[in-house]
Amino acid sequence: MAEEKPELTALLKEVAETPKRDNSAYHAAMAEARQAFEKAEAVLGGPVRLKTKTKLKRNGDYVVKWTFKRDG
């Protein structure tokens, strides 16, 4: 077996210990939020204000209620 260089060993160790995340749910939620703002502005006829209400369910899920109001 070939001997590894210390720098390569440190790099491989760092990569192996880096936490992995799947951000696809976050990106999908952000896209949905942008679409909701666009739709609210179109329906309400201009800029909108947003009020949110959040709740943590017993199973660990968050519920977020969005209320859009016409600004101005």
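Before any of the text, the structure's been laid out above.
Before going into details, it helps to say that this report is about the structure given with it. Everything numeric here is computed off the predicted structure, so don't read it as measured data. (Residues numbered from 1 in each chain as written. Predicted model: local features only at pLDDT ≥ 70, side-chain atom pairs only at ≥ 80, totals over all residues. Heavy atoms only, no water.)

Some points on the overall build of the protein
Within the protein, the regular secondary structure consists of 2 helices and 2 strands. Along the protein, helices and strands appear, N-terminal first, in the series α-α-β-β. Scaling as 2.2 N^0.38, a compact globule of 72 residues should have a C-alpha radius of gyration of about 11 Å, whereas the protein reaches 22 Å, well beyond that. If you line up the protein on its principal axes, its C-alpha atoms span 70 × 30 × 15 Å. Within the protein, the proportion of its 72 residues that are buried is 6%. Counting only contacts in the protein whose residues sit at least 6 apart along the sequence, the fraction spanning at least 24 positions is 23%. Accessible surface, the protein as shown: approximately 7,000 Å² in total, 55% of it carbon and sulfur. (Helix = DSSP H or I, 4+ residues; strand = E, 2+ residues; numbered from the N terminus. Rg over C-alpha atoms; globule rule 2.2 N^0.38 Å. Buried < 20%, exposed > 50% of the residue type's maximum accessible area, 1.4 Å probe, protein only. Contact = heavy atoms within 4.5 Å. Areas by Shrake-Rupley, 256 points an atom, 1.4 Å probe, with all protein chains shown as cover.)

Some thoughts on the packing of aromatic side chains
Two measures describe an aromatic ring pair: the distance that separates the ring centres and the angle between the ring planes. By the definition in use, this model includes 3 aromatic pairs. Ring centres of Trp66 and Phe68 lie 5.9 Å apart, and the angle between their planes is 75 degrees; on these two criteria the pair is classed as edge-to-face. Under the relative-accessibility criterion, Trp66 is labelled partly exposed at 34%. These aromatic residues form a ring-pair network of at least three members: Phe37, Trp66 and Phe68. (Phe/Tyr/Trp six-rings, centres within 6.5 Å; stacked < 30°, edge-to-face > 60°.)

A few points about the environment of Tyr26
For Tyr26, the location among the structural elements is in helix 2 (residues 24-44). A residue is classified by how much of its surface remains accessible, and Tyr26, at 51% relative accessible area, is exposed.

Let's talk about the pattern of salt bridges
Evaluation of the coordinates by the stated rule reveals 1 salt bridge. Between Arg49 and Asp71 there is a salt bridge, with the nearest N and O atoms lying 3.5 Å from each other. With Arg49 in strand 1 (residues 48-56) and Asp71 in the segment after strand 2 (62-70), this residue pair connects regions lying 22 residues apart in the sequence. (Salt bridge = Lys/Arg side-chain N within 4 Å of Asp/Glu carboxyl O.)

Some thoughts on a positive patch on the surface
A contiguous patch of positive charge on the surface is contributed by Lys51, Lys53, Lys55, Lys57, Arg58, Lys65 and Lys69. Of all the elements in the fold, those that place two or more residues in the positive patch are strand 1 and strand 2. Broken down by element, the positive patch gets its largest block of residues, 3 residues, from strand 1. Within the fold, Lys69 resides in strand 2. Take Lys69: its relative accessible area is 47%, and that puts it in the partly exposed class. (Patch = residues over 30% accessible without salt bridge, like charges linked within 9 Å, V, L, I, M, F, W, Y side chains within 5 Å. Lys, Arg positive; Asp, Glu negative; His and termini not counted. Charge placed at Lys NZ, Arg CZ, Asp CG, Glu CD.)

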